[in-house]
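Summary of the model geometry
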Amino acid sequence: MNRRPDPVVSTAQGAVRGLRQGDTRTFLNIPYAAPPRGAGRFAPPQPHEPWDGVRDATVPGPNAPQSARRLGDIDMTPYFGAGWSRGEDYLTVNVFAPAAGGDAGDALPVMVFVHGGGFVAGSTRAALYDGSAFARDGVVLVTLNYRLGIAGFLDVPGAPANRGLLDVVAALRWVRENISAFGGDPRNVTLFGQSAGATIVGGVLATPEAAGLFRRAIVQSGSGLGAFTPEQAARVTRAAAGVLGIEPHVDAFGGIPDERLVEAAAGLTGIDLRTATHRDPLIGLSPFSLVLDTQPAVSVAAGRAADVDLLVGTNAEEGNLYLVPVGKYATSTAADVDEAATRSHADPARLVETYRAARPGASFAELRSAIMGDALFGAGSRALADAHAAHPRSATHAYRFAWRSHALDGELGATHGVELPFVFDLADRPELHGPAALLGPDEAPADLAGRVHETWIRFARTGDPGWDPYDTDRRATMCIDAEWTRVDDPRGRERRAWSTGRGSAADLADGPPRRRRLGRASAVLNGSTALGGRAPGVAGKKGSPGGEQGR
């Protein structure tokens, strides 16, 4: 039997040889920018030098410098990957394309994915980002590495800000120039990302230099309100310089080896980023984010990306990932609920009262997780959707992913990141199943992954995922579970708590939290003394999203 030759594609920098695996052509480790070396780690991305001959694109390459990442009792290796695979030439893309390709008259939609990882971890090497299912279904899928941590996001005097975001824009330029050689349509590009990657996508929406490089965007559990102010970022920069024993300037940082930068980044925890005018949008979970004078949602409201179709959504129990695996969920108390509200909202007592009223019978754990999830992702995603929906030149759609993982004794739930195996149609992978695996010990509903995956592709092809557009009157949202249900304004009472008065999510310049007494809210919540922190009358339905939907 004759073996079909491995595919060779010519790019602007040179030819690359990939793999042919069934109906998919896979090209790994293709440079889109020059290796970031020395002081160049703190400069804008530069074009990669051309190469002679045919470059091997059959094996994974290096990724951005990073620490090994663990999250308590849950195995997140498929999400984060195995850590730092060393090598300087890591500003690269992987391309997954149908074996048949597309001709000039039938070019294929292109989807470009930006991974998450808290701005400090993750890479194209992670198992979750295998794009074979997209190629199988007629999409050219591109995944990319970008600079992380201090090199990517520390706001260093003398260096451009948001260098990791600039990398993503450079990758989009590479796609515009080269993707037709892989069968893709450079006029039909969808930029999508999850978590930190989704927040970066929101930042790219607000970046003038990215205009015209993509037609659609998907923001999965990100935030349009997730950027630090320059004042907040300067605190992190001073702390990093102090750890390294250097002056806070690009010349000093440029001389520090990657190993020390990674070590220093891992030690930058516990910095209080609340200022007289702004709260910490990451509520203390990461010292790195975008650094902007204007939040992406505000820029979008002013007209940025008005011609880009947008799909934006979150998961029903985002906050569980930061509590359940580290043993802080079941032990949650009323004081923990109050503390979560105080970190994230200008009127914490009112916020707690609102969530308690909207979720009758909810446990302390459920309330704490819900407030954290909205502080990190929900409020900022809704603000981005509202901002985008104000412009009629493009469509806005919203979703809420509610399928619950039964990992970690059933408590993990519809948490942060759990939608990714469904988007990539990988929910049957064995490494995703088990008592401590992301999807838990049970099989997912048979058709859920296929349907979610097909919906993302439909949006990339047409700008219409298959349900009513989102507007600020109805706020139509598709709730995705074993059954799919369209709901208008899900959890509207909680949304309004973030979008009105001094707690406005659309305006972060609302000062530090008022020290209003939390006695009344705490008194209501302290009616339970159960180990799991459940309020009276709550039995069964461990970790259920429960409560209000369309109120």
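Residues numbered from 1 in each chain as written. Predicted model: local features only at pLDDT ≥ 70, side-chain atom pairs only at ≥ 80, totals over all residues. Heavy atoms only, no water.

1. Points about the overall build of the chain
- A tally of regular secondary structure across the chain gives 17 helices and 14 strands.
- Expressed as a percentage of the 551 residues in the chain, the buried residues total 62%.
- A sequence separation of at least 24 residues applies to 79% of the contacts in the chain between residues at least 6 apart.
- When the accessible surface of the chain is summed, it comes to about 20,300 Å², and 50% of that surface belongs to carbon and sulfur atoms. (Helix = DSSP H or I, 4+ residues; strand = E, 2+ residues; numbered from the N terminus. Buried < 20%, exposed > 50% of the residue type's maximum accessible area, 1.4 Å probe, protein only. Contact = heavy atoms within 4.5 Å. Areas by Shrake-Rupley, 256 points an atom, 1.4 Å probe, with all protein chains shown as cover.)

2. Considering helix H8 (residues 258-266)
- Along H8, the positions that sit buried rather than exposed are Leu-261, Val-262, Ala-264 and Ala-265. For H8, the angular spread of buried residues about the axis comes to 165°, placing them on one side.
- Looking at the buried residues of H8, the elements they touch are helix H3 (149-153), helix H6 (230-244) and helix H7 (250-253). (Arc of directions from axis to C-beta.)

3. Quick look at the environment of Leu-273
- Within the secondary structure, Leu-273 sits in the loop between H8 and helix H9 (296-301).
- Spatially, the C-alpha atom of Leu-273 lies 5.5 Å from that of Gln-232, the residues being 41 residues apart in sequence.
- Those residues in contact with Leu-273 that lie beyond four places of it in its chain are Phe-228, Gln-232, Arg-235, Val-236, His-278 and Asp-280.

4. Focus on the sheet that holds strand S2 (residues 15-17)
- In spatial order, the strands read S1-S2-S5; together these 3 strands make up an open sheet with mixed pairing. With one partner strand each, in any of the chains shown, strand S1 (8-10) and strand S5 (54-56) form the two edges of the open sheet. In this sheet, adjacent strand axes meet at a mean angle of 30° when their direction is disregarded.
- With 3 bridges connecting them, S1 and S2 associate as antiparallel partners. Of the residues in S2, the one forming a bridge with Ser-10 is Ala-15. (Pairing = 2+ DSSP bridges. Axes fitted to C-alpha atoms, helices over the stretch in contact; angles between N-to-C directions.)

5. A closer look at the packing of helix H12 (residues 364-389) against helix H16 (residues 492-499)
- Packing of H12 against H16 leaves a shortest axis separation of 10 Å and a crossing angle of 80°. When the axis of H12 is compared with that of H16, the two are roughly perpendicular. Each of Ile-371, Asp-374, Ala-375, Ala-379 and Arg-382 in H12 lies in contact with H16, whose residues at this interface are Glu-494, Arg-495 and Trp-498.
- When the residues that make up the contact of H12 with H16 are grouped by side-chain class, the tally is 4 nonpolar, no polar and 4 charged. (Parallel < 35°, antiparallel > 145°, perpendicular 65-115°, else oblique. Nonpolar A, V, L, I, M, F, W, Y, C, P; charged D, E, K, R; others polar.)

6. Considerations on the nonpolar core
- Formed by 154 residues in total, the largest nonpolar core has its most connected members in Phe-214 and Phe-253.
- With 13 residues, H12 is the largest single contributor of residues to this core. (Core = buried A, V, L, I, M, F, W, Y, C linked by side-chain atoms within 4.5 Å.)

7. Points about the sheet that holds strand S8 (residues 140-144)
- With respect to topology, 11 strands assemble into an open sheet ordered S3-S4-S6-S8-S7-S9-S10-S11-S12-S13-S14, the strand pairing being mixed. The outermost strands of the open sheet, each flanked by one partner alone, are strand S3 (19-21) and strand S14 (484-488). This sheet shows a mean twist of 20° between the axes of neighbouring strands, independent of strand direction.
- The pairing of strand S7 (residues 108-114) with strand S9 (residues 184-194) spans 6 bridges and is parallel.

8. Remarks on the side chain of Thr-58
- Looking at the secondary structure, you find Thr-58 in the loop between S5 and helix H1 (77-80).
- A polar contact of 2.7 Å, which involves the side chain of Thr-58, links it to the side chain of Asp-56.
- Non-local contacts of Thr-58, meaning those with residues more than four positions away in its chain, are made with Arg-17, Gly-18, Leu-19 and Leu-28. (Polar contact = N/O pair within 3.5 Å; in protein donor to acceptor, adjacent residues only side chain to side chain.)

9. A look at the pairing of strand S12 (residues 396-401)
- Buried residues dominate S12, accounting for 6 of its 6 residues.
- Neither face of S12 is left uncovered, since the one carrying Thr-396, Ala-398 and Arg-400 and the one carrying His-397, Tyr-399 and Phe-401 both have all their residues buried.
- When strand S11 (residues 309-315) meets S12, the two strands line up parallel, connected through 6 bridges. In the strand pairing of S12, Asn-315 is matched with Phe-401.
- Two strands pair when backbone bridges link them, and S12 and strand S13 (residues 476-480) are joined in this way by 3 bridges, in the parallel orientation.

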